[in-house]
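Spelled out from the first residue to the last, the chains are:
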Amino acid sequence: MSGHVMVFAPDPQLTVTIDQPADETELHLHPGGQGVWQARMIKCLGVPVVLCAGLGGEIGQVLEPLLAGEGVDLRAIHRQSSSGGYVHDRRDGKRHEIASVPGHPLARHELDELYNLALSEGLGAEVSILSGPGHPSLVAPEIYRRLAADLGHNGSRVVADLSGPHLAAVLDSGVSVLKASHEELLRDGLAADDGEAELIRVIQALHAQGARSVVVSRAEEPALVLVDGEVAQLDMPRLEVADPRGAGDSMTAGVAAVLAQGGDIRLAVRTGAAAGALNVTRHGLGTGRPDAIAGLVDRVKLAPMRVDRQDRLTPDELAHRTTTS
């Protein structure tokens, strides 16, 4: 399979949504979780994708055929402990969580099996996405550090969409693209505030610590990126939002899809921005029409930003923040 992406999604979730678009109540069952939504968008963009996941329990039995129905190439290990999921009620137009179960951590031998599976598939892919676990306790950061290093050192371009200790773990591995949201950087103590100058300092420090390119999404504000050593803002048209969730995952997917097909990093981040923007105009995470995304890419501009070189956050200062947050 040429020009394809491997997505490491250790713990997909079962999503159950109660909806009522007309007179009758509807019940929707879908596979979910960050890696699943990324794989779905990559497929929407016409790029082959392999999803490496761990499935277990009754929820896992339901997830497996649902994942196979997504049209992705599913590679799964079966584990003893249960996968997780949630139930949302959207009948009034807003999402209300009724129940959520995170699932159980994978056992050591299950992690070994999943690691070997992801490594094997990733070594045959042009790009590998490392998506975060649904809950930090489910998969140790060390697994991500090793996987990023083993893939990166053997020719696969690694795109990491992580936060907290899992983000810190992969930096020394020299990932090709690191994607984070400004909310995550604030939550994890990596950014002191959400000001533009502070986020640029963090982006530069993440780059200096090992991330070749960095993308930071900012909710409704333009994303900030560091590509080819230059900090820029992704300017694009404003679109009406139907559901704000999933924009960041679609952005990551767009970046990986373009890189897997031989595109350069600038086209990749512009395509990622377009995919993320189109996703929020729809109900359904990781979805979008490829022609609509392609039509929006030309409207996305990389606007270089002025950087105060006298006020940089050093890698040591960033490392201190990761250990004290």
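Scope of this entry: the structure provided in the associated data block. (Residues numbered from 1 in each chain as written. Predicted model: local features only at pLDDT ≥ 70, side-chain atom pairs only at ≥ 80, totals over all residues. Heavy atoms only, no water.)

1. Remarks on the overall build of the protein
Secondary structure assignment for the protein yields 11 helices and 14 strands. Counting across all 325 residues of the protein, residues that qualify as buried make up 55%. Entry remark: accessible area of the protein is about 14200 Å², with carbon and sulfur atoms responsible for 49%. (Helix = DSSP H or I, 4+ residues; strand = E, 2+ residues; numbered from the N terminus. Buried < 20%, exposed > 50% of the residue type's maximum accessible area, 1.4 Å probe, protein only. Areas by Shrake-Rupley, 256 points an atom, 1.4 Å probe, with all protein chains shown as cover.)

2. Section: the sheet that holds strand 6 (residues 84–89)
Pairing within the open sheet is mixed, and its 4 strands lie in the order 3-2-6-7. Edge positions in the sheet fall to strand 3 (26–32) and strand 7 (96–101), since each has one partner strand and no second. On average, adjacent strands in this sheet sit at an angle of 15 degrees to one another, irrespective of strand direction. Relative to strand 7, strand 6 runs antiparallel, the two being bridged by 5 bridges. Among the inter-strand pairings, Y86 is bridged to a residue of strand 7, identified as S100. Along the sheet, helix 2 (residues 57–68) contacts strand 2 (13–19), strand 3, strand 6 and strand 7; its crossing angle with strand 3, the most-contacted strand, is approximately 85 degrees. (Pairing = 2+ DSSP bridges. Axes fitted to C-alpha atoms, helices over the stretch in contact; angles between N-to-C directions. Contact = heavy atoms within 4.5 Å.)

3. Quick word on the packing of helix 3 (residues 108–123) against helix 4 (residues 141–152)
Interhelical geometry of helix 3 versus helix 4 gives an angle of 25 degrees and a closest axis separation of 10 Å. The angle between helix 3 and helix 4 places the two elements in the roughly parallel class. At the point where helix 3 passes helix 4, the crossing takes the right-handed sense. Residue-level contacts link L111, Y115, A118, L119, G122 and L123 of helix 3 to I143, R146, L147, D150 and L151 of helix 4. (Parallel < 35°, antiparallel > 145°, perpendicular 65-115°, else oblique. Left-handed = near helix turned anticlockwise from the far one by under 90°.)

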